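Working through the structure, step by step
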Amino acid sequence: MKGASSAQVLRHGVFAVAVGVVGAAASVVLCLVVGWAYDLVCAHGWLLYLLPIFAVASLLLYRALKLPLDTTTHTVINDICADRPISPALAPGILLGTALSILGGASVGKEAAALHMGASLGDLVARPLKLRPLTGVWKGGSRADGAGGADGGDGAVGSAGASKGAGNAGGAAASGGVHAYAASCGMAACFAALFFAPLGSTAFVVELSRYDRSVWRHAPFMLLACFVAFGLASIIGIGDVIPKVPLPALSWPVVGQCVVIAVACALVGTVYIQIIDGAQRLTKRISQNYYLWAALGGVLMAVLVTLFDWRGFEGTGANLLSDALAGRAGGWTFAVKALLTIVCLGLWLRGGEIMPTFTVGALLGASCTVMTQGDPAFSAAVGLVAFFAAMSRCPVTAFLMGCEIFGWAGAPAFALAVAVAFSLGRDVGLYGRGATGILKRATSAARARLVVKKP
């Protein structure tokens, strides 16, 4: 790379391999721990009624580890975009916190835990290597590209415990973007090992950072880390193995199915993310007593599951996803899973949103066969991809992961579904603004500069 010393290139290569190994190990540990917790709650249903206690215990664990109680994937991304160091305590905190939620039957996923663990461990692995950015210009104590938070800088409390809105420029000047790159590399590697999807995982982190320069300029090393993690996870065979489905050739009926499913995913996905985000914002505005909200979320989850016999909707949703991809789902099951996930995540239970989102999307896609009369298994796969694109505002990631998970023969259908779902969805997802918002801001800034230059 131009302007980079061979010694630094070598260090970055060593770091990428090391973080790939660590990411794979973290993913395996996460799968084993969460799997154990889920098996326990399935075998002992009464654990559901301890969910309020487990929810509070996970927050007490965060407090003991000196982690902000409102830490989410969004706040971790904000830390990365502000180039703040990620606390090493976040890895054990989110691992145990997610396990406690799953042990109580909460409708949360473990994939966000993989992202948090990866960010924490990536930053930790990079410290002794004394990495320096290989390219890019940093001037006056701030990044030359002027990147802010993941959604334009909302000032959320970071996972390292930084105060709101403070220290962005100073942190960037001190490390030159290395914290952002190291944490992103760890996130991508751990995610790649979990889903066996190295290309989609690299794209995910780049899109989550909203194309932050300190992240995408090191994409070759992120790819190396992802392929190392993917290779090791494939050998071990532990991760989220999503079933394949038959992929039909592109035809006009298939095009119609994809469009109908994508429109439904855009509409439902927008409502879904807005309710989760709105619940978190509202509860913070009313009271920042997260223990109270988490306990309330646990109680509501237990009451709903008991009253309506929704035992099958507990946990990450992997069982429901398998049923949908096998053509054994439909109806309003997507709404049930969405409701329980909203209750848990909106009320601050520890855990993630990605596998529940995959499940809701697949169930919604399968339910659309009432209108399309298409294959329910293929419809579920399209729904998974389209709903994730609408929720995350990461269209490239949704397309690549769809192809890596289900097969590249589905690329035309997945591309169409992603394009429709992304374009019709609201451009503020669960992780902040997407590429459309970035393009609009860049266009406005360019126009403003042209106006200033005019005589």
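For the structure, check the block above.
Along each chain, residue indices are assigned from 1 in the same order as the chain's sequence is written. Where local features are concerned, this predicted model is filtered to residues with pLDDT of at least 70; where side-chain atom pairs are given and counted, the filter is 80 or more; whole-chain, interface and lining totals use all residues. No hydrogens and no water enter the side-chain calculation; it runs on all heavy atoms of the structure.

**Some remarks on the overall build of the chain**
Secondary structure elements are defined from DSSP: runs of H or I of at least 4 residues count as helices, runs of E of at least 2 residues count as strands, and each element is numbered from the N terminus. Across its full length, the chain holds 20 helices and four strands. The buried label goes to any residue with under 20% of its type's maximum accessible area, the exposed label to any with over 50%, and the partly exposed label to all in between, with areas taken from a 1.4 Å probe on protein chains only. A total of 455 residues make up the chain; the buried ones form 57% of that total. In this analysis, two residues are considered to be in contact whenever any of their non-hydrogen atoms come within 4.5 Å of each other. The long-range fraction of contacts in the chain, counting pairs at least 24 apart against all pairs at least 6 apart in sequence, stands at 84%. With residues, only the protein chains shown are counted as cover, and all accessible areas are computed by Shrake-Rupley using a 1.4 Å probe. Carbon and sulfur atoms form 69% of the exposed surface of the chain, whose accessible area is close to 17200 Å².

**A look at a nonpolar patch on the surface**
Patch rule: a residue counts if its relative accessible area is over 30% and it has no salt bridge; like charges are joined within 9 Å, and nonpolar side chains (Val, Leu, Ile, Met, Phe, Trp, Tyr) within 5 Å. Every case where a carboxyl oxygen of Asp or Glu lies within 4 Å of a side-chain nitrogen of Lys or Arg is listed as a salt bridge. On the surface, Val17, Val21, Leu224, Leu232, Ile235 and Ile236 cluster together to form a nonpolar patch covering roughly 500 Å² of accessible area. Every element with two or more residues in the nonpolar patch is listed here: helix H1 (6-43) and helix H10 (219-236). Inspection of the secondary structure puts isoleucine 235 in helix H10. The exposure class assigned to isoleucine 235 is exposed, which follows from its relative accessible area of 70%.

**Structural notes on the pattern of salt bridges**
All chains considered together, the criterion is met by eight salt bridges. Across the pair lysine 284 and aspartate 70 runs a salt bridge, and its minimum N-O distance is 3.1 Å. Note that lysine 284 is positioned in helix H11 (residues 252-286) and aspartate 70 in the loop between helix H2 (51-64) and helix H3 (73-81), a separation of 214 residues in sequence. Judged by its relative accessible area of 23%, lysine 284 is partly exposed. Close ionic contact of aspartate 277 with arginine 281 constitutes a salt bridge, the shortest N to O distance being 2.8 Å. Remark: arginine 281 and aspartate 277 occur in helix H11; sequence separation between them is four residues, near one turn of the helix.

**Focus on the packing of aromatic side chains**
Only centres within 6.5 Å qualify two rings of Phe, Tyr or Trp (six-membered ring in Trp) as a pair; their planes then separate them into stacked at under 30 degrees, edge-to-face at over 60, and tilted for everything else. Enumeration over the complete set of coordinates arrives at 15 aromatic pairs. Summarising the aromatic geometry, the rings of phenylalanine 227 and phenylalanine 230 are spaced 6.4 Å apart at their centres and angled 90 degrees between planes, so their arrangement reads as edge-to-face. With a gap of three residues between them, phenylalanine 227 and phenylalanine 230 both fall in helix H10, about one helical turn apart. Of the residues examined, phenylalanine 230 reaches a relative accessible area of 26% and is grouped as partly exposed. Each member of the aromatic cluster is reached from another via a ring pair, and the members are Phe191, Phe195, Phe204, Phe358, Phe388 and Tyr431. Think of it as a cone above the ring: NZ of Lys or CZ of Arg counts as a charge over the ring if it is within 6 Å of the ring centre and within 35 degrees of the ring normal. Sitting over the face of the ring of phenylalanine 422, arginine 393 holds its NZ or CZ atom 4.0 Å from the ring centroid.

**Section: the packing of H1 against helix H4 (residues 90-103)**
Orientation of H1 relative to H4, taken along the N-to-C sense of each, is 20 degrees, at an axis distance of 8 Å. On the basis of the axis angle, H1 is roughly parallel to H4. Of the two elements, H1 crosses H4, and the hand of that crossing is right-handed. For the pair H1 and H4, contact is made by Val29, Leu30, Val33, Val34, Ala37, Tyr38, Leu40 and Val41 and by Leu95, Thr98, Ala99, Ile102 and Leu103, respectively. By the convention adopted, Pro, Cys, Tyr, Trp, Phe, Met, Ile, Leu, Val and Ala count as nonpolar, Lys, Arg, Asp and Glu as charged, and the other residues, Gly among them, as polar. Across the contact of H1 with H4, the residue classes break down as twelve nonpolar, one polar and no charged. Orientation is described by axes fitted as lines to C-alpha atoms, over the contacting stretch for helices, and by angles from 0 to 180 degrees between their N-to-C directions. Angles below 35 degrees are treated as roughly parallel, those above 145 as roughly antiparallel, those between 65 and 115 as roughly perpendicular, and all remaining angles as oblique. Handedness of a helix crossing follows the sense of rotation of the near helix relative to the far helix, less than a right angle counterclockwise being left-handed and clockwise being right-handed.

**Looking at the environment of valine 14**
Locating valine 14 in the fold gives a position in helix H1. For valine 14 and alanine 126, which are 112 residues apart along the polypeptide, the C-alpha to C-alpha distance reads 9.8 Å.

**Side note on helix H7 (residues 178-195)**
Between its first and last C-alpha atoms H7 spans 26 Å; for 18 residues at 1.5 Å apiece the expected length is 26 Å, and the two agree. A large share of H7 lies buried, amounting to 17 of its 18 residues. Directly beyond the C-terminal end of H7, a positive phi value near 55 degrees is found at phenylalanine 196. Every helix has an expected span of 1.5 Å times one less than the residues it contains.

**Regarding helix H12 (residues 290-308)**
Compared with an ideal rise of 1.5 Å per residue, which puts 19 residues at 27 Å, H12 spans 27 Å between its outermost C-alpha atoms and is within 8% of the ideal. Within H12 the residues assigned to the buried category are Tyr290, Tyr291, Trp293, Ala294, Gly297, Gly298, Met301, Ala302, Leu304 and Val305. If you follow the buried residues of H12, they end up packed against H2, H11 and helix H14 (333-346). A positive backbone phi angle near 55 degrees is found at aspartate 309, which sits one or two residues after H12.

**A few points about the packing of H12 against H14**
Taken N-terminus to C-terminus, the directions of H12 and H14 make an angle of 160 degrees; their axes are 8 Å apart at the nearest point. Relative to H14, the element H12 is oriented roughly antiparallel. The element H12 and its partner H14 pack so that their crossing is left-handed. For the pair H12 and H14, contact is made by Gly297, Leu300, Met301, Leu304 and Val305 and by Leu339, Leu340, Val343 and Cys344, respectively. Residue composition of the contact of H12 with H14, grouped by class: eight nonpolar, one polar and no charged.

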